[in-house]
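An overview of the molecular structure
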Amino acid sequence: MRKRLYNVGAILKGLSITFGFMFRKRPTIEYPSVKKQHAPRFHGLHELRRYGDGKERCIGCELCSSACPANAITVIGAENAPDDRKSPGERHAARYEIDELRCIFCGMCEEACPTDAIVLTPRFEMADYRRGSFIYAKDRLLVPPDAGVGEAPDERPGGIPGDLGRVAEIKSTTDVARGFSATHRGEILKTQRRGLAG
Amino acid sequence: MADNAVNVTLTIDGVPVTVPKGTLLVEAAKTVKQEIPVYCYHPKLGPAGLCRVCLVDIEGMPKLQIACNTPAADGMVVHTRNDKVDAGRAMILELLLVNHPLDCPICDKGGECDLQDYAMAYGRGSSDLVDPKTRKPKGVDLGPTIVLDEERCVVCQRCVRFDDIIADERQLVLKDRGVRDIIATSTGDPYRHNFTGNVTELCPVGALTSKTYRFKSRPWDLQRTQTTCTQCAVGCQMFSDVRYGVPLRTMSVEHDAISDGWLCDRGRYNIGFYDSAERIVQPLYRRNGTFVQIGWDDAFTLWGKALREALRARGPEAVGAIGGGRLTNEEAYLLQHLTRAVGSANLDWRAGLARQATPGAKGGTLAALDRAQAIVTIGEPLRERAPVLWLRILKAVRRGARLIAAATPAEAAAQCAGLAPIALVWDGVDPALGAAYDGAFAGFAEVATFIASEQGNARGAEAMGMLPAFGPGYAAVAPGRGTRAMLEDARAGRLRVLSILGANPAAYAPNAAAEALDALEFTVVSELFMTETAARATLVLPARGPLEKSGTTLNLTGDLLPLHASLQAPEGTLADLEMLIGLAQQLDVELPSAEDLERAVIAHAAKLPTGFGLGDARFDDGPSVAPPPHVHRTIFDGAGTAAHDPRLTSLRALEVGV
């Protein structure tokens, strides 16, 4: 008899933990109607940036594809036609493809990019039914022409824009309403690059 | 061998080195595996003393000296790396980079650039420059092949010196002075000659780049295969650089024995036809006057049936084979083996102007050409015909050899009196002319003869027995009929079935060949494109190009050179070797095994023909017929492939006025 009463106390103690969680803040969210706010440095789907004037930042230099440890990026460069410039300078990416199934979202492409053209956004919902649709080409990677940021360098160098590192402050131009000001990452990038240069 | 009169001993980085007197420090340092950075110096162009990056510290000398223009001296103590040298080189690199745009990400040279490499190895990594860089034009159209980026130029003048010294064209100059100096042609005309592509390889930075390769790839993307150029008989060694199955560029291989590290523009740029939409990719059979696509099994059956029927009805004289210089040695050997196995001796490789490709008893090596005191050119200009051989001749001329192009053999012999050794370079077209020179120079002691054939593997075809009068290894056989005799036989109705592999006789004698081909019962042509000959064929077999197959070739001096496939051939095509294997199965002819074939090719290739000289009567099969204009007359015609090469269009337009 005494032994049984003891057991009831243990059960109540255990259940108190269980029921205690009913009054705490829930860690789960009602996805997909509610979406998680990811950290600004979250590595999600890629995005190809533009300059403020609508020109593509990408110059087709293939440094991202060279840096990619998963061999997920394919870039084929081409010369800008004088009357139809895709990017400042002489060269642009005629083809730019990322196989998001291969991608390990490490962000090396972003680090390698000399023009801040390729960035990883916090977007993470990429589910699809076909493998082929995970190969993102320029049509899906490039931001709309009016979503460009930063001042384009003049027409001559294919090289380094003046706002290198600063563009990351305005991370994710298409998803900017997610709540995070994302300046944090830009600061980190800038410090890193300064460190490399010094 | 330490002869003090001609050798000097010095110390480089603590290691004693003995080198011939007059050796430059930059070369002496290579013997102790010390790399000294250079831009303007090039082993083949010599020192210029322009870039100043090769600074070394020599004990006893107050200032740093340039290794590229300082001869080694006895007792010299040289330091290639110490604090003084490093500071000097860092300063020079900083100065070289003062106006450099640093646009490495978009530069075609990025990744294989000496300026990048040395800036990483010796540079400071930063610059004290605060003023804006001087800006110059980018993407300057220098000519049909070359784009110049004036900002990137470090003014080493390698290109200018190549034009002056090696190519003897003297088109490029350094225009203006100081910070405004740029590379330009002296006349302002487009920069074009047969060797322009070499300046892109010589350029240590990304100033001179090829139009055909512009922004197509980065060097680390390319799959590199070493192979042999088959555009002419010289057999230059080259790298074929392929990305995603497209040949993007060819680069020369440092192979002093054959090409001396150069390539001509035809060999370098005529690679765009491989992915042409006009390529034949399925066997075509003529039915009721029009071509229909058939499968390979049907093609072999039809080919075998036609040959069997002709052999049965009219005997071996009614069949023949022409195997052009596109064939590898293995293919040529199998073709003659197959044809002779069915009893026919109607075999020839000659479908163009050339009548002979093997110089015979006095055939020389390219090293003999380097030693020659007098070089006699016979026939057509070599600059178009065998461009890289022409560069080697120019090299001999720079060394002091006499270049003789005389009106008559006797005159040439008179000019060569007292000179030895002598090199005779014949184009192989007119046997009478060849024989006349052979006779005129019979009395000279040291004569080396060369035949600069228009076709790639012409000598290989001869060595493998693709001649009516010679079997493999130049063994004399009962003569059959050559190409012209075969075409005559065809007109007369004596020849019924002709197999033409990699040759285009109709391009040279349009009317006569067309008439003959039309009179034939069954003509098989293996080709990449619908050539004049293929258009008249009964059966057209889609073949593979030289970058798409492996094998061996023989160059004009008889060197056995390898072909390595670097490209995936289009589906539906077969190499000529595979076609011949398919035909052999139809005809029940036993072919040698792969090992036997390799042994036979090596054995026959090594045989040096001694029984004949230039213009031997056994090669003579009638007088040369003048070809229609623009056939193999210009360097950018290629072997008929240039017409299908969109990248060459601009070059051809300038050359032949297309």
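All figures in this text were calculated on a predicted structure; none of them were measured in a lab. (Residues numbered from 1 in each chain as written. Chains lettered and ligands numbered in written order. Predicted model: local features only at pLDDT ≥ 70, side-chain atom pairs only at ≥ 80, totals over all residues. Heavy atoms only, no water.)

**Topic: empty space enclosed by the protein**
All names here are of chain B.
- In total, this model carries 11 cavities of 30 Å³ or more according to the counting rule given.
- As a volume, the largest cavity reaches approximately 170 Å³.
- Thr 200, Ser 210, Tyr 213, Arg 249 and Met 251 are, among the 15 residues lining the largest cavity, the residues nearest its centre.
- Sorting the residues of the lining of the largest cavity by element identifies α5 (198-202), β10 (208-210), β13 (246-252) and α6 (265-269) as the ones contributing at least two each.
- Each residue belonging to the lining of the largest cavity can be placed in one class, and the counts come to 4 nonpolar, 5 polar and 6 charged.
- Here the second largest cavity is characterised by a volume of approximately 120 Å³. (1 Å grid on protein atoms, 1.4 Å probe; cavity = no way out; pocket = protein on both sides within 12 Å on 5 of 7 lines; lining within 4 Å. Points joined across faces, edges and corners; volume = space filled by probe spheres on them. Helix = DSSP H or I, 4+ residues; strand = E, 2+ residues; numbered from the N terminus. Nonpolar A, V, L, I, M, F, W, Y, C, P; charged D, E, K, R; others polar.)

**Some thoughts on the packing of aromatic side chains**
All names here are of chain B.
- Evaluation of the coordinates by the stated rule reveals 15 aromatic pairs over all chains.
- On the basis of an interplanar angle of 35 degrees and a centroid distance of 5.4 Å, the ring pair of Trp 296 and Phe 300 is categorised as tilted. Of this pair, Trp 296 and Phe 300 both sit in helix α7 (residues 296-314), 4 residues apart, which is roughly one turn of that helix.
- Here Trp 296 falls in the buried class, since its relative accessible area comes to 16%.
- Of the aromatic side chains, those joined through ring pairs into one cluster are Phe 470, Tyr 474, Phe 612 and Phe 619.
- Taking the ring centre of Trp 262 as reference, the NZ or CZ of Lys 44 above it sits at 5.8 Å.
- Taking NZ or CZ as reference, Arg 249 lies 4.7 Å from the ring centre of Tyr 213, over its face. (Phe/Tyr/Trp six-rings, centres within 6.5 Å; stacked < 30°, edge-to-face > 60°. Buried < 20%, exposed > 50% of the residue type's maximum accessible area, 1.4 Å probe, protein only. Lys NZ or Arg CZ within 6 Å of the ring centre and 35° of its normal.)

**Here we look at the confidence of the model for chain A**
- Here chain A averages 78 in pLDDT, while 75% of its residues score no lower than 70.
- Confidence drops under a pLDDT of 50 for residues 164-186 of chain A, and excluding neighbours within four residues, the segment shows 58 contacts in the predicted structure. (pLDDT = per-residue confidence, 0-100. Contact = heavy atoms within 4.5 Å.)

**Overview of helix α3 (residues 114-122) of chain B**
- Inspection of α3(B) places B:Leu115, B:Tyr118 and B:Tyr122 among the buried residues, and these make up the whole buried set. Along the long axis of α3(B), the arc covered by the buried residues comes to 70 degrees, so they all point the same way. (Arc of directions from axis to C-beta.)

**Some points on the sheet that holds strand β2 (residues 15-20) of chain B**
Residues and elements named next belong to chain B.
- What the 5 strands build is an open sheet, ordered β2-β1-β5-β3-β4; its pairing is mixed. Edge strands, defined here as strands with exactly one partner in the open sheet, are β2 and β4 (65-66).
- Pairing of strand β3 (residues 55-58) with strand β5 (residues 77-79), which is carried by 2 bridges, proceeds in the antiparallel orientation. What sits directly across from Asp 57, in β5, is His 79. (Pairing = 2+ DSSP bridges.)

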